[in-house]
Structure formats: structure tokens, C-alpha cells
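Structural overview
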Amino acid sequence: MPEAIVVVPCFNEERRLRDDDFVALVRDGEVRLLFVDDGSTDATASRVRAMSERAGGRIALLQLPTNRGKGEAVRAGLLHALTASPVAVGYIDADLSTPPEEILRLQQALERPGVSVVMGARIRLLGTRIEREATRHYLGRVFATVASLILRLPVYDTQCGAKFFRVGEPLRRALAEPFRSRWAFDVELIGRLLTGSPALSSAEFLEVPLARWTDVSGSRLGSTQMMGAAMDLVAIAAELRKRRRAGT
Ligand SMILES: Nc1nc2c(ncn2[C@@H]2O[C@H](COP(=O)(O)OP(=O)(O)O)[C@@H](O)[C@H]2O)c(=O)[nH]1
Ligand SMILES: [Mg+2]
């Protein structure tokens, strides 16, 4: 399997970083990790440097001077990753809500013929362990449903923090401009991929139901941020309309 570079956005994650799990992930899987420290004021950067030493350089650090939010940190990380010409890139959350074995399973799914984007989907099915607080689950379902309508794509879960992409012109173009949203940037990215030139077809997107996902405590996504993300959907919908018009 070709190696992927996986971006891990971090803002003051010193206390939640699980060093051993990250080091094991790059040892066991065909992945390299690029942590993006988004202007943290704690010891996030030195923790990543220590991991990098243990991982023989398979873990790298990109430091942004000031806090720009998750969306822009992911974009900066993906653009940096692309300079190394990988076949695939991805991003995951620093709290490993999506556990390492599931991350590798998502990466493998990108190998299927015709698949260019793989997204984890948090669906509570019998036999899975998706641990999410009820309020967050229901608010998340409303958000994802609206996102799906805006995107005109039958996507179940735009907001799971784990995604993989085949590297190519559609991805490069989709990352060229800053995102407008800190938290709803996944919706922007999917929208740009669907309406870009060249565009991806909806058939190239694959959602993989996760066997395990845990809402790790210490989230920075409070109710104010959730409201902000919901408002961002309005602007994203307007931008998508413009892009669709320009493309026809
Ligand atoms: N770059 C960056 N990443 C952030 C920021 N806030 C949160 N994150 C990262 O986004 C990911 C998910 O954050 P988390 O607080 O767990 O949110 P939740 O899981 O969506 O509730 C983690 O990797 C965080 O470090 C931020 O301001 N900048
Ligand atoms: Mg989290």
C-alpha cells in the first residue's frame, strides 16, 4: 500500500496526546504523521518533537505562529504534505477519537478502484462502539443532514475528523484558497472537490462505517462554536451556488 501523510491539527493538545499510540501507528502502518501546531501556548510542540525522535523522523511538526483554527491548520498541513509528493494524504483528530486501527482501515479503503476520498462515518449499529454524548449526536445529525442537502450528496457524516484523499489536481485546486470556516471546513472541502475543475464525481467518495469511535473529553467545540459552524453553512451554500453557476 502506498504511504500516506496524515495531518494532525493541534491546539493546546499537550494533555490529550497519546505518544505511544502515535509512535505505534507510524511503526505498524504505511503512514507518516504531520502534526500542525496551531499557535499552541502549552508544550504541544515539544511533545511532538519528542515523538518525532522516537519515530525516526516518521512524525514531523509544522508550527504556525498564531492560532488560525482547525480548518486552516488542516489546509496548511495538507499543502505542506503535498510538497513531498505522496500518493495519499489525510487528516485525523489529535485526541484519537478515531482509533489507530480504524485510521488504517480507512487508509486501506482508498485502495479500492475508483475511490478518491474516504471518510469515516459514525453510525451506531449493533456490534459497533460509537460513544457520543446524546446532545452532540442529535445536533450533529441535524448539521450533517443540512450539509448533505447543501452538497447535493447523500453523505451521512461530513464531520468525522478522519478522512483520506488520493492526491491529484482536484485536491490541489480545492486547497488553493483559504477556508472560510474553522469547523465546517470539511463541508467546504467536499463542496470544492465536487464543483472544481477538474471535479470529482460523487461516485469517487466512500464513507466507511467505523467499528469504534469515542468522543474524547476536552473538546474545544462548545455551543458557541457549533452555532458558528451552523451559520457558516449558509455562506458555504452561497459559495457553492456560485461555483455551480460558474461551472455550467
Ligand atoms: N489547528 C487547530 N486545531 C484545533 C483547534 N481547535 C481544535 N483543534 C483540533 O481539532 C481536533 C478536534 O478537536 P476537539 O476539540 O476534540 O473537537 P471535537 O472532537 O470535534 O469535539 C483536534 O485535533 C484538535 O486539536 C484550533 O483552534 N486549531
Ligand atoms: Mg474530539
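Let us look at the structure shown here.

Calculation notes
Residues numbered from 1 in each chain as written. Chains lettered and ligands numbered in written order. Predicted model: local features only at pLDDT ≥ 70, side-chain atom pairs only at ≥ 80, totals over all residues. Heavy atoms only, no water. Buried < 20%, exposed > 50% of the residue type's maximum accessible area, 1.4 Å probe, protein only. Helix = DSSP H or I, 4+ residues; strand = E, 2+ residues; numbered from the N terminus. Pairing = 2+ DSSP bridges. Right-handed = clockwise from strand over helix to strand, strands pointing away. 1 Å grid on protein atoms, 1.4 Å probe; cavity = no way out; pocket = protein on both sides within 12 Å on 5 of 7 lines; lining within 4 Å. Points joined across faces, edges and corners; volume = space filled by probe spheres on them. Nonpolar A, V, L, I, M, F, W, Y, C, P; charged D, E, K, R; others polar. Near = heavy atom within 4 Å. Polar contact = N/O pair within 3.5 Å; in protein donor to acceptor, adjacent residues only side chain to side chain. Areas by Shrake-Rupley, 256 points an atom, 1.4 Å probe, with all protein chains shown as cover.

This part is about the pairing of strand 1 (residues 4-10). Here strand 1 lies mainly inside the structure; seven of its seven residues are buried. Taking every second residue as pointing to the same face, both faces of strand 1 are buried, with Ala4, Val6, Val8 and Cys10 on one and Ile5, Val7 and Pro9 on the other. Sheet topology places strand 1 next to strand 2 (residues 31-38); seven bridges connect them, and they run parallel. Bridge pairing links Val8 to Phe35 in strand 2. Once you follow strand 1 into helix 1 (residues 19-28) and on to strand 2, the crossover reads as right-handed. In this sheet, strand 4 (residues 88-91) lies alongside strand 1 in parallel orientation, the contact comprising four bridges. Paired with Ile5 across the strands is Val89, a residue of strand 4.

A separate point is empty space enclosed by the protein. Evaluation of the coordinates by the stated rule reveals two cavities of 30 Å³ or more. Here the largest cavity is characterised by a volume of approximately 50 Å³. Taken together, Val187, Glu188, Gly191, Arg192, Ile236, Glu239, Leu240 and Arg243 make up the lining of the largest cavity. Considering only residue class, the lining of the largest cavity consists of three nonpolar, one polar and four charged.

Around ligand 1, a shell composed of 19 residues is seen, among which Pro9, Glu13, Asp38, Ser219 and Arg220 lie nearest. In this structure, Ala94 approaches ligand 1 through a main-chain N or O atom, which is 2.8 Å from an oxygen atom. Arg220 places a main-chain nitrogen or oxygen 2.7 Å from an oxygen atom of ligand 1. For ligand 1, whose accessible area on its own is 570 Å², the fraction buried by protein is 95%. When contributions to the shell around ligand 1 are tallied by element, the ones reaching two or more residues are strand 1 and helix 3 (70-82). Grouping the constituent residues of the shell around ligand 1 by class yields seven nonpolar, three polar and nine charged.

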